[in-house]
Amino acid sequence: MNAAQLIANDPGWVILVKGLLVFVLCVVLTLMSVWGERRLVSFMQMRVGPNRVGKFGLLQSLADGVKLALKEDLIPKAADRIVFVIAPIISATTCFMAFAVIPMTGKVSLFGHQTVMQLTDLPVGVLYVLAIASVGVYGIVLAGWSSGSTYPLLGGLRSSAQVISYEVAMGLSLVAVFIYAGSMSTSDIVAAQNHWWFAVVLFPSFVIYAISMVGETNRAPFDLAEAEGELVGGFHTEYSSLKFALFFLAEYVNIVAVSSLATTLFLGGYHALPGLGFTETWLGGWFTMVWYLLKVIFFFFIFVWLRGTLPRMRYDQFMQFGWKVLIPVSLLWIMVVSTLRIMSQRNTGRPIIMGFTVGVVLIVLAVTSLFDSAKRRRREADALGELPEPSFPVPAIPEPRVEQLNG
Amino acid sequence: MAENSLTPRPEDFGLAKAASESVPITDQEPSGFFKQLLGFWVTFQAMFKKPNTVQYPEVKEPTAPRFHGRHQLNRHEDGLEKCIGCELCAWACPADAILVEGANNEEGAQFSPGERYGRVYQINYLRCIFCGLCIEACPTRALTMTNEYELADDQRSKLIFEKEDLLAPLRQGMLMPPHPMYPGSDDGTYYRGEVKGSHPSQETAPHA
C-alpha cells in the first residue's frame with residue numbers, strides 16, 4: 001500500500017490525533033525556532049542571547065508569549081475594526097494549513113493503526129500549499145490597509161508585492177519537480193526521490209526555490225515589509241498583544257512551512273541521508289521523523305545564517321532580482337528540463353542529448369558574457385568625467401578639485 | 001612662527017593628504033560573487049568565538065579606574081566635612097541635578113573647618129548625567145565620584161540622594177561631626193592637608 005491508500009484508510013480518530021500532533025509539532029517548532037534563531041544570531045554576533053528563562057533560556061519564547069497575552073490590546077481609532085481583527089487570524093490559520101500535506105514520516109503505527117504522519121494526501125498537494133500561501137498574503141495586505149495609518153499601509157503594500165512576485169518564481173521552480181516526479185502529490189514526490197534527491201538532479205530549481213522562499217516569508221535580507229529603519233514595524237506596526245503574537249507566530253510557522261516544503265520537494269522528505277537508509281526502520285519507522293526534522297532545522301539554520309550575514313536589500317533591487325533574474329532563469333530551466341525529459345522518454349540517442357546539453361550551455365555562456373560586456377561598457381560610460389555636456393550653461397568646475405573641497 | 005590664516009596651506013593638508021596617502025576615491029567596482037560569499041564564513045566563524053557578554057548580575061567586572069559613578073562627599077582626616085556649602089557644584093551642573101544650601105558653622109556646632117558648611121546637599125540621580133563637571137568645580141575636593149554604578153531603584157523619590165547618603169563613611173581615627181577643629185589649626189591648615197587625624201580634645205568637647 002502506498003501513502004495515499006494508507007491515508008485513505010484512516011478512521012476519524014486517527015485523523016483527529018494526527019491533526020492534533022501536527023498542530024502541536026508546529027507550535028513547539030515555532031517556540032523552539034524563535035529561541036533558536038535568537039541564540040544562533042547572537043552567537044554570530046558574539047553575544048549569548050536569551051539564557052535566563054529555563055535551561056539555556058529554552059522557555060524564553062513561552063515567557064514572551066505570556067507577556068504578549070497579558071498586554072493591553074489596542075485598536076486604533078482610524079482602524080477598520082472588523083478587518084483589523086480578521087487579518088491576524090487569516091495570517092495565523094493559513095500558515096498552519098500548509099502542514100496538512102507535508103509527509104513527516106514513512107509507514108508507522110499510530111496506536112496500532114498502520115498509517116503515515118501526513119494529514120491528507122491531495123493529488124495536487126503542492127498546488128494546495130501555493131494556494132494557501134497566497135491566501136496568507138491577505139492577512140498582511142488587510143492588516144496594512146485596516147490599520148488606518150501610513151507605515152502599515154506602505155509595509156503591507158510592499159510585502160504583498162514582494163510575496164506575489166516571489167510566488168511566481170517559486171511556482172516556476174516547482175514545475176521542474178513536477179515534471180521529474182510525474183505528480184503533484186507530496187508523498188509521490190518524496191517517493192520519486194528514492195535514489196536521487198531533486199536538490200541534486202534539479203539543482204537550479206533548488207537554488208531558485210531556496211531564494212524565493214526567503215522572499216516569500218519576508219525574511220532578511222528580503223525583510224523590506226518590516227524594515228524597522230524605514231517603516232517602523234511594517235504591516236504590524238499598529239498591532240499589540242495577542243494579535244501581534246499571531247503575526248509573530250505566523251512568521252515563524254511560515255518559515256517552518258516553507259522549509260518543510262523544501263525538505264519534501266528537494267531533500268527527499270523524511271528519507272534518511274544517503275547510506276543511512278537502515279535507520280528508517282528504527283522505532284517502528286518513527287525515526288524517519290527525526291530525519292525530517294533535521295532537514296527542516298538545516299533550512300532554518302540557513303534562514304538564520306542569511307539574517308546574520310546579509311544586509312537588507314533595496315526595494316527596487318529586490319524586485320529587479322525577482323522579475324528580471326529569477327523568473328527568466330527558471331523559465332529557461334523549465335524549457336531545458338522538459339526537453340530533456342521528453343527526449344529521455346522517447347529514447348532519443350545519447351549523442352543528441354549531449355549535443356542539446358552542450359548547445360544550451362554554450363548559449364547560456366554567450367548570453368551571460370554579452371550581459372557582462374554590456375555592463376562593463378555602461379560602467380565605463382558612467383565613470384566620472386565622461387558625463388555628457390548638458391545643453392544649458394553651467395559654471396566651470398574650479399581646478400584642482402581638492403582645493404575647493406578644503407574651502 | 002605661528003601659523004595664521006594668511007600662511008598658504010601645505011600641499012598635503014586635509015582631504016588632499018588623505019587622498020594622496022590612501023586609495024583614490026573612485027566608483028567601487030562590485031566585488032566578485034565568491035568574494036561576497038566570504039561574508040558567510042565570517043558569521044559562521046563568529047559562532048565559535050567566545051562571546052563578549054558579561055553575565056552581569058552574577059559576574060561583575062571592575063569598572064575603569066576613573067569611571068564616573070555615584071558621588072561621594074569626602075571628609076578631612078579628623079572627620080570634619082570638606083564641603084563648605086559654596087554651591088559651585090550646583091552652578092556647574094548642566095543638568096541642574098544638585099541642590100546645596102550652605103549654613104554658618106556655629107560655636108559648638110562645627111561641621112567643617114572654616115565659616116560655612118553644606119547644611120542641605122542633594123543630588124538628583126534622575127537628572128544627573130555623570131559628566132563630572134561638579135567634581136571639576138569643587139574647590140576643596142569635597143565632591144568626588146566613586147565607581148559604584150548600581151543606582152537603579154523602583155521609586156523616583158529614592159533616587160534623590162541626601163547628604164547622609166553621599167557622605168563618606170568615618171574611617172579609623174575620624175570623629176563624627178559636629179566637633180571643634182583641631183587645636184591650633186585654621187581652615188588653611190585643613191586645606192593644605194596638615195591635619196593628619198583627630199585630637200583627643202576634639203572628642204571630649206561638648207556636642208551641640
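Cut-offs used in this document
- Residues take numbers from 1 onward in each chain, read along the sequence in its written order.
- For this description, chains carry letters from A and ligands carry numbers from 1, given in the order in which they are written.
- For a predicted model such as this one, the threshold for reporting local features is a pLDDT of at least 70, and the threshold for listing and counting side-chain atom pairs is 80 or more; totals across whole chains, interfaces and linings nevertheless cover every residue.
- In computing side-chain values, all of the structure's heavy atoms are included and hydrogens and water are not.
- To obtain an axis, a line is fitted to C-alpha atoms, over the contacting stretch when the element is a helix, and the angle between two such axes runs from 0 to 180 degrees between their N-to-C directions.
- The helix and strand labels rest on DSSP assignments: H or I over at least four residues marks a helix, E over at least two residues marks a strand, and numbering proceeds from the N terminus.
- Between 65 and 115 degrees an angle is taken as roughly perpendicular, under 35 as roughly parallel, over 145 as roughly antiparallel, and anywhere else as oblique.
- Two helices crossing with the near one rotated counterclockwise from the far one by less than a right angle form a left-handed crossing, whereas a clockwise rotation gives a right-handed crossing.
- Two residues form a contact once any of their heavy atoms are found within 4.5 Å.
- Here the rule is simple: two strands pair whenever DSSP picks up at least two bridges between them.
- Here, two cysteine sulfur atoms that lie within 2.5 Å of each other are counted as a disulfide.
- The buried label applies to any residue whose accessible area, calculated with a 1.4 Å probe on protein chains only, is under 20% of its type's maximum; exposed applies above 50%, and partly exposed to all values in between.
- Note on residue classes: Ala, Val, Leu, Ile, Met, Phe, Trp, Tyr, Cys and Pro are nonpolar, Asp, Glu, Lys and Arg are charged, and everything else, Gly too, is polar.

A few words on the packing of helix α6 (residues 150–181) of chain A against helix α11 (residues 241–266) of chain A. Between two packed helices, both the angle of their axes relative to each other and the distance between the axes serve to describe the pair. Residues and elements named next belong to chain A. Two numbers describe how α6 lies on α11: the axes approach to 11 Å, and their chain directions differ by 25°. The angle between α6 and α11 places the two elements in the roughly parallel class. Relative to α11, the crossing made by α6 is left-handed. Taken together, the residues of α11 that come into contact with α6 (itself represented by M170, S173, L174 and V177) are V258, L265 and F266.

Our focus in this paragraph is the sheet that holds strand β3 (residues 116–124) of chain B. All names here are of chain B. In spatial order, the strands read β2-β3-β5; together these three strands make up an open sheet with antiparallel pairing. Either end of the sheet is taken by a strand with one partner, and the two such strands are β2 (98–104) and β5 (160–161). Pairing of β2 with β3 involves seven bridges; the strand directions are antiparallel. By the bridge assignment for β3, G102 is matched with G118.

Right, let's talk about the state of the cysteines for a bit. Residues and elements named next belong to chain B. The final tally for this structure, using the stated rule, is zero disulfides over all chains. Considering cysteine sulfurs only, C131 is the nearest to C134, which forms no disulfide, with 6.0 Å between them. Overall, C134 belongs to the buried group, its relative accessible area being 7%. For C138, which is in no disulfide, the shortest distance to another cysteine sulfur is to C86 and amounts to 6.2 Å.

Glancing now at the packing of helix α5 (residues 125–146) of chain A against α6 of chain A. Residue and element names in this part refer to chain A. The N-to-C vectors of α5 and α6 enclose an angle of 170°; their axes lie 8 Å apart at closest approach. Compared by their axis directions, α5 and α6 come out roughly antiparallel. Note on element contacts: α6 touches α5 through P152, L153, G156, S159, S160, V163, E167, M170, G171, L174 and F178, opposite V126, L130, A133, S134, V137, I140, V141, G144 and W145. Of the residues contributing to the contact of α5 with α6, the split by class is 13 nonpolar, six polar and one charged.

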